[in-house]
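Observations on chain architecture
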Amino acid sequence: MTVLDSPIPRFHLAMPVDDLDAARHFYGEVLGLEQGRSSQTWIDWNLRGHQFVTHVAPERAQRIHNPVDCHDVPVPHFGLILTVEEFRTFAERLQAAGTTFVIEPYVRFQGQTGEQWTMFFLDPAGNALEFKAFADDSQVFAA
């Protein structure tokens, strides 16, 4: 089954960027997303079947952080839940590209319910991204 055939609805997310060429390089080359339609002020990206759009919007809101597992987690943020193997491969790709991490890849809640690998980094416009992988996918929403 592909993402397009999945019973889980696909999401659409639009995020502000201040430099469309920098966004094109980061999302297309560094993250490896397929580019869709575009104009002089926006680009559609295929984020594993979800429609992610970068829109030129030079004004930025104040950044907020919340404490989670002894780290300052940037809010808002977005990303994907990967498999553990995908997470490791993706982390290596980002490290090879010289990515500066807000929170380096590590295991959060180790040995506890919801154990997960996580990492945070910023796109060139300062939007925070979190990619993670759960040791047990059945615990994604565990309390």
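My aim in this report is to walk through the structure given alongside it, one point at a time. (Residues numbered from 1 in each chain as written. Predicted model: local features only at pLDDT ≥ 70, side-chain atom pairs only at ≥ 80, totals over all residues. Heavy atoms only, no water.)

Enumeration according to the criterion identifies nine aromatic pairs in this entry. Judged by centre distance (6.1 Å) and plane angle (40 degrees), the ring pair of Tyr27 and Trp45 falls under tilted. Of this pair, Tyr27 sits in helix α1 (residues 20-30) while Trp45 sits in strand β3 (residues 42-47); the two residues are 18 residues apart in sequence, bridging distant segments of the chain. Judged on exposure class, the residue Tyr27 and its partner Trp45 are both buried. Among the aromatic residues, those joined into a ring-pair cluster are Phe26, Tyr27, Trp45, Phe52, Phe78, Phe90, Phe101, Phe121 and Phe131. (Phe/Tyr/Trp six-rings, centres within 6.5 Å; stacked < 30°, edge-to-face > 60°. Helix = DSSP H or I, 4+ residues; strand = E, 2+ residues; numbered from the N terminus. Buried < 20%, exposed > 50% of the residue type's maximum accessible area, 1.4 Å probe, protein only.)

The next point concerns the environment of His71. Looking at where His71 falls in the secondary structure, it is placed in strand β6 (residues 71-75). According to the relative accessible area criterion, His71 is partly exposed, its value standing at 27%. For the pair His71 and Val102, spaced 31 residues apart in sequence, the C-alpha to C-alpha distance is 9.4 Å. A distance of 3.0 Å separates the side chain of His71 from the backbone oxygen of Asp69, its partner in a polar contact. (Polar contact = N/O pair within 3.5 Å; in protein donor to acceptor, adjacent residues only side chain to side chain.)

Quick look at helix α2 (residues 84-96) now. The end-to-end C-alpha distance of α2 is 18 Å, a good match for the 18 Å that 13 residues give at a rise of 1.5 Å each. Residues Val84, Phe87, Phe90, Ala91 and Leu94 constitute the buried set of α2. Buried residues of α2, seen end-on, are gathered within an arc of 125 degrees and therefore sit on one face of the element. Seen from the open side of α2, the exposed residues pointing more than 90 degrees away from its buried face are Glu85, Glu92 and Ala96. Gly98 occupies a position one or two residues after α2 and carries a positive phi of about 80 degrees. (Expected span 1.5 Å × (residues − 1). Arc of directions from axis to C-beta.)

Reading across the sheet, the four strands line up as β1-β4-β3-β2 and stay open at both edges, with mixed pairing between neighbours. The open sheet is flanked by β1 (12-17) and β2 (34-38), the only strands paired with a single partner. The average undirected angle you get between the axes of adjacent strands in this sheet is 25 degrees. By the bridge criterion, six bridges tie β3 to strand β4 (residues 50-56) in an arrangement that is antiparallel. Each bridged residue has a counterpart across the sheet, and for Asn46 the counterpart in β4 is Gln51. Along the sheet face, α1 touches β1, β2, β3 and β4 and points at about 10 degrees away from the line of β3. (Pairing = 2+ DSSP bridges. Axes fitted to C-alpha atoms, helices over the stretch in contact; angles between N-to-C directions. Contact = heavy atoms within 4.5 Å.)

The subject of this paragraph is α1. The set of residues buried in α1 consists of Leu20, Ala23, Phe26, Tyr27, Gly28 and Val30. Here α1 starts with a cap whose side-chain oxygen sits 3.0 Å from the backbone nitrogen of Asp21, and that cap is Asp19. Just beyond α1, the residue with positive phi is Gly32, at close to 75 degrees.

The next subject is the pairing of strand β11 (residues 128-134). Of all the seven residues making up β11, seven are buried; the element is thus mostly covered by neighbouring parts of the structure. Alternating residues of β11 divide into Ala128, Glu130, Lys132 and Phe134 and Leu129, Phe131 and Ala133, and every residue in both groups is buried. In the sheet, strand β7 (residues 77-78) pairs with β11 via two bridges, with the strands oriented parallel. Following the sheet pairing, His77 is matched in β11 by Ala128. The pairing of strand β10 (residues 116-122) with β11 spans seven bridges and is classified as antiparallel. For Met119, the partnering residue across the bridge sits in β11 and is Phe131. A loop of five residues connects β10 with β11, the two strands running antiparallel in sequence, and Gly126 in this loop sits at a positive phi of about 95 degrees.

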